[in-house]
Amino acid sequence: MHLGGGGLMVAKWEIKEKIDDAVRVIAYSAVKYFYPTAITKATNTPLPDAFEYLLTLVQSGVLSIKWEIRCPNLDCLQTIKTVDSLDEVIEEYMECDCGKEVLLTRDIVFPIFEINPDYKEYVKKNKSKKKKKITFY
Ligand SMILES: [Zn+2]
């Protein structure tokens, strides 16, 4: 997987704020899965930084990461399978519906994030309530 780079510099806290907001919007919608590129487009953040932050949301249980295996046949390019972990399938052969036998390498695998259903419910519940004020003094 190649995440690319870019000259764009965005502060870490800005990435966190923007992505947190975007993920909350997605959680509140009917969408269950999204690609990292959807987040970078929506938030205008560099992909490597956005991806790194999305992984921290996986650690905190907001998201799960899954891997889409895509057929390398340029006339096909369909998703052959989506797996939770690459370790069990990497270097194995799979057959696509188009008839191509595909060796599973990291080049044909794309990360996709799933919103935790519990988090979706949490966001919806909290949206209907009035925001609690937090005071620090
Ligand atoms: Zn195919």
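Owing to the predicted nature of the structure, the values given are computational and were not obtained by experimental measurement.

J.: Please set out the overall build of the protein residue by residue, giving values where relevant.
T.: When helices and strands are counted, the protein shows four helices and six strands. Taking the principal axes of the C-alpha coordinates as reference, the protein spans close to 65 × 35 × 25 Å. Of all intrachain contacts in the protein linking residues separated by at least 6 positions in sequence, the fraction that spans at least 24 positions is 57%.

J.: Which residues make up the nonpolar core, and what values do they have?
T.: Core analysis: the biggest nonpolar cluster contains 13 residues, and Ile19, Val23, Ala50, Leu54, Leu57 and Leu63 have the highest contact counts within it. No other element matches the five residues that helix H1 (residues 12-28) contributes to this core. Excluding residues within four positions of it along the chain, Leu54 makes contact with Ile19, Pro36, Ile39, Leu63 and Phe113.

J.: Requested: an account of the packing of helix H2 (residues 36-43) against helix H3 (residues 47-59), with residues and values cited.
T.: At a closest axis distance of 10 Å, the pairing of H2 and H3 adopts a crossing angle of 115°. As for how H2 packs across H3, the hand of that crossing is right-handed. When H2 is examined against H3, the residues Pro36, Thr37, Ile39, Thr40 and Thr43 are found in contact with a partner set consisting of Leu47, Ala50, Phe51 and Leu54. A class-by-class count of the residues in the contact of H2 with H3 yields six nonpolar, three polar and no charged.

J.: Run through the packing of H1 against H2, naming residues and quoting values.
T.: Where H1 contacts H2, the two axes come as close as 10 Å, and the packing angle between them is 115°. Of the possible angle classes, the one that applies to H1 and H2 is roughly perpendicular. With respect to the hand of their crossing, H1 and H2 are arranged in right-handed fashion. In contact with Lys18, Ile19 and Ala22 of H1, H2 contributes Ile39, Ala42 and Thr43. Here the contact of H1 with H2 is composed, by residue class, of four nonpolar, one polar and one charged.

J.: I'd like to hear about the environment of Leu55, residue by residue, with values.
T.: Checked against the element boundaries, Leu55 lands in helix H3. Accessibility expressed as a C-beta count within 10 Å gives 14 for Leu55, which makes it partly exposed.

J.: I'd like a description of unusual backbone geometry, backed by residues and values.
T.: Even without glycine at this site, Leu77 takes up a positive phi of about 60°. If you trace the backbone, Leu77 turns up in the loop between strand E2 (63-70) and strand E3 (79-83). Its identity is not glycine, yet Glu91 carries a phi of approximately 70°, on the positive side. On the basis of neighbour counts, which here come to 9 C-beta atoms within 10 Å, the residue Glu91 falls in the exposed class.

J.: I'd like to hear about the sheet that holds strand E1 (residues 33-34), residue by residue, with values.
T.: Taking strand neighbours across the sheet as the criterion, the four strands line up as E1-E6-E2-E3 in an open arrangement whose pairing is antiparallel. The open sheet terminates on both sides in strands that have one partner only, identified here as E1 and E3. Relative to strand E6 (residues 109-115), E1 runs antiparallel, the two being bridged by two bridges. For Phe34, the partnering residue across the bridge sits in E6 and is Phe113. Relative to the sheet, H3 contacts E2 and E6, its axis offset from that of E2 by approximately 120°.

Reading guide: rules and limits
- Residues numbered from 1 in each chain as written.
- Predicted model: local features only at pLDDT ≥ 70, side-chain atom pairs only at ≥ 80, totals over all residues.
- Helix = DSSP H or I, 4+ residues; strand = E, 2+ residues; numbered from the N terminus.
- Contact = placed C-beta atoms within 7 Å.
- Core = buried A, V, L, I, M, F, W, Y, C linked by C-beta atoms within 7 Å.
- Buried ≥ 20, exposed ≤ 12 C-beta atoms within 10 Å, placed from the backbone.
- Axes fitted to C-alpha atoms, helices over the stretch in contact; angles between N-to-C directions.
- Left-handed = near helix turned anticlockwise from the far one by under 90°.
- Nonpolar A, V, L, I, M, F, W, Y, C, P; charged D, E, K, R; others polar.
- Parallel < 35°, antiparallel > 145°, perpendicular 65-115°, else oblique.
- Pairing = 2+ DSSP bridges.

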